[in-house]
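Structure assessment
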Amino acid sequence: MTTAVVTDSTAYLSKAEEQQYNIHVVPLSVIFDKETYAEGVDIDVATFYDKVREAKELPKTSQPPIGEFVSLFEKLAKDYDEIVTIHLSSGISGTYQGAVQAGEIVEDVDVYGFDSEIACAVQGFYVIEAAKMAQQGASAKEIITKLDEMKQEMRAYFMVDDLSHLQRGGRLSAASALIGGLLQVKPILHFQNKVIVPFEKIRTRKRALKRVEELLGEDVAVHPNIEATVIHANCEAEGQEWLETLQAKYPSVHFKLSYFGPVIGTHLGEGSLGLGWYKK
């Protein structure tokens, strides 16, 4: 059996990773006024944040049309027996459901959907593992079993400067956003049951980052072999500095720097920082 691996643009993989692991990517889109831009195709990260600063209103985001999945799956069906398609949390986007529906339409190939229940480079951890296994000849069922195991060991926390982006986009309850705004706190957020919720309320950005470091440290103390990613929203220098601090503190952990691209950046806002990891 040959297995193809598909994901969406919110995994924010590098082009080198996509090529090395033969990963197929379907883009989500951001919409400024009436102009639609496919993420990673029609708009890059720097241009996106520039446009947000100039825009009168926040852009909207859009999941891929089912037809894009159908056409990709039909194309892959010519060369593969199975497809594993891995997507951002179904609690914040209909992308996963769209991929699953497309899989039911397409004949001649078995499509296995995986809801990462998260997004960004942490979603990318699942995708790269799946692609490595596929290259080694693993079946779709074997890959899904491994991804389910990884999900038990996956952690991610992030902090935003302005909760209004998440609240206006419907990705955080108005009550949570209001509490943060009134108290001028920097809540640490995480995914729980597929949606974004506050984890802890912290008074300052510096303390919030320190608390996330502590959470990583708790896992490192038990299981030092960890893969981690620092994720930034157009604040690369700060992200790199934090990564270097973490690397010095936890030398057994392998870190990489990633970013919140246009679609996720729309909901988090510029200046957001995140840290995700899993025990290997």
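Criteria and cut-off values
- Along every chain, residues carry numbers that run from 1 in the direction the sequence is written.
- Under the rules for a predicted model, residues below a pLDDT of 70 receive no local features and side-chain atom pairs below 80 are neither given nor counted, while totals for whole chains, interfaces and linings still include all residues.
- To obtain the side-chain values, all non-hydrogen atoms of the structure were used and water was disregarded.
- All axes here are fitted lines through C-alpha atoms, helices being fitted over the stretch that makes contact, and every angle between N-to-C directions spans 0 to 180 degrees.
- Strands are runs of DSSP state E lasting at least 2 residues, helices are runs of H or I lasting at least 4, and numbering of each runs from the N terminus.
- Roughly parallel here means an angle under 35 degrees, roughly antiparallel means over 145, roughly perpendicular means 65 to 115, and every remaining angle is called oblique.
- Helix crossings get a hand from a simple test, with the near helix turned counterclockwise from the far one by less than a right angle marking a left-handed crossing and a clockwise turn marking a right-handed one.
- Only heavy atoms matter for contacts: two residues are in contact if any of them lie within 4.5 Å across the pair.
- Asp, Glu, Lys and Arg are counted as charged, while Ala, Val, Leu, Ile, Met, Phe, Trp, Tyr, Cys and Pro are counted as nonpolar; the rest, among them Gly, fall into the polar class.
- Should DSSP find at least two bridges between two strands, the strands are taken to pair.
- When the strands point away from the viewer and the connection leading from the first strand across the helix to the second strand turns clockwise, the crossover is called right-handed.
- Ring pairs shown here join Phe, Tyr and Trp side chains whose ring centres sit within 6.5 Å, with only the six-membered ring taken for Trp; geometry is labelled stacked below 30 degrees between planes, edge-to-face above 60, and tilted in between.
- Think of a nonpolar core as a cluster: buried Ala, Val, Leu, Ile, Met, Phe, Trp, Tyr and Cys residues, connected wherever their side-chain atoms sit within 4.5 Å.
- Relative accessibility under 20% of the residue-type maximum defines a buried residue, over 50% an exposed one, and the middle range a partly exposed one, all with a 1.4 Å probe and only protein chains included.
- A carboxyl oxygen of Asp or Glu within 4 Å of a side-chain nitrogen of Lys or Arg is what we treat as a salt bridge.
- What qualifies as a polar contact is a pair of N or O atoms within 3.5 Å, subject to a donor-acceptor requirement within protein and to the restriction that residues adjacent in sequence count only when both atoms come from side chains.
- Note: the arc covers the axis-to-C-beta directions of the helix.

1. What about the packing of helix α3 (residues 66-76) against helix α4 (residues 95-105)?
Where α3 meets α4, the closest approach of the two axes is 8 Å, and the angle between their N-to-C directions is 45 degrees. Relative to α4, the element α3 is oriented oblique. Of the two possible hands of crossing, α3 and α4 adopt the one that is right-handed. Side by side, α3 and α4 meet where Ile66, Phe69, Val70 and Phe73 of the first sit next to Thr95, Gly98, Ala99, Gln101, Ala102, Gly103 and Ile105 of the second. The class makeup of the residues in the contact of α3 with α4 is 7 nonpolar, 4 polar and no charged.

2. Topic: the pairing of strand β7 (residues 110-115)
Of the pairings in the sheet, the one linking strand β6 (residues 82-87) to β7 comprises 6 bridges and is parallel in character. Each residue of the ladder has a partner; that of His87, found in β7, is Asp115. You can see the chain leave β6, run along α4 and come back into β7, and the turn it takes is right-handed.

3. Describing the sheet that holds strand β4 (residues 35-38)
Sheet architecture is open: 3 strands sit in the order β4-β3-β5, paired in antiparallel fashion. Among the strands making up the open sheet, the edge pair consists of β4 and β5 (60-62). Between one strand and the next, the sheet's axes are offset by a mean angle of 30 degrees, whatever the strand orientation. Pairing geometry for strand β3 (residues 29-32) and β4, over 4 bridges, is antiparallel. In the sheet register, Ser29 faces β4, and the bridge partner there is Ala38.

4. Looking at the packing of aromatic side chains
Taken as a whole and judged by the stated rule, the model has 10 aromatic pairs. Ring plane angle 45 degrees and centroid distance 5.1 Å describe the contact between Tyr12 and Tyr259, whose orientation is recorded as tilted. Here Tyr12 is found in the loop between β1 (3-8) and α1 (15-20), whereas its partner Tyr259 is found in strand β12 (residues 254-259), with 247 residues between them in sequence. In this structure an aromatic cluster arises from ring pairing among Phe32, Tyr37, Phe48 and Tyr49.

5. Considering the nonpolar core
If you look at the biggest cluster of nonpolar residues, it comprises 51 residues, and the most contacted ones within it are Ile86, Tyr126, Ile143, Leu147, Phe158, Phe260 and Ile264. The leading source of residues in this core is helix α5 (residues 120-135), at 11 residues. When sequence neighbours within four positions are dropped, the list of residues in contact with Ile86 reads Val5, Val6, Thr7, Asp8, Phe114, Gln123, Tyr126, Val127, Ala130 and Leu147.

6. Here we look at the pattern of salt bridges
This model, assessed by the stated rule, comprises 16 salt bridges. Among the ionic pairs, Lys151 bridges to Glu117, the shortest N-O distance being 3.1 Å. Of the two residues, Lys151 sits in helix α6 (residues 140-151) while Glu117 sits in the loop between β7 and α5, which places them 34 residues apart along the sequence. Here Asp219 and Lys279 are joined by a salt bridge, their closest N and O atoms 4.0 Å apart. Of this pair, Asp219 sits in helix α9 (residues 205-222) while Lys279 sits in strand β13 (residues 273-279), and the two are 60 residues apart along the sequence. Both residues of the pair, Asp219 and Lys279, count as buried. A single salt-bridge network, built from bridges that share partners, covers Glu153, Arg155, Asp219 and Lys279.

7. With respect to the side chain of Ser9
Mapped onto the fold, Ser9 is located in the loop between β1 and α1. With a relative accessible area of 10%, Ser9 lands in the buried category. Here Leu28 takes part through its backbone nitrogen, which lies 3.0 Å from a polar atom of the side chain of Ser9. Discounting chain neighbours no more than four positions away, the residues touching Ser9 are Val25, Val26, Pro27, Leu28 and Glu39.

8. A short note on α3
Listed as buried for α3 are Phe69, Val70, Leu72, Phe73 and Leu76. Where α3 is buried, its residues meet β1, β2 (23-26), β6, α4 and β7.

9. Some points on the sheet that holds strand β8 (residues 154-159)
Strand pairs in the sheet, formed through backbone hydrogen bonds, run parallel or antiparallel to each other. Strand order in the open sheet formed by 6 strands is β10-β9-β8-β13-β11-β12, with mixed pairing between adjacent strands. Because the sheet does not close on itself, it has two edges, and the strands there are β10 (195-200) and β12. Ignoring which end each strand starts from, the neighbouring axes of this sheet average 25 degrees apart. With 2 bridges connecting them, β8 and strand β9 (residues 188-192) associate as antiparallel partners. Opposite Phe158, over in β9, you have Leu189 as the bridge partner. Taken strand by strand, helix α10 (residues 236-249) contacts β11 (226-232), β12 and β13, and its axis lies near 170 degrees from that of β12.

10. Describing α4
Residues of α4 that are buried: Thr95, Gly98, Ala99, Ala102 and Gly103. Summarising the axial view, the buried residues of α4 lie within an arc of 140 degrees, below the 170-degree limit, and thus occupy one face. Of the surrounding elements, those touching the buried residues of α4 are β1, α3, β6 and β7.

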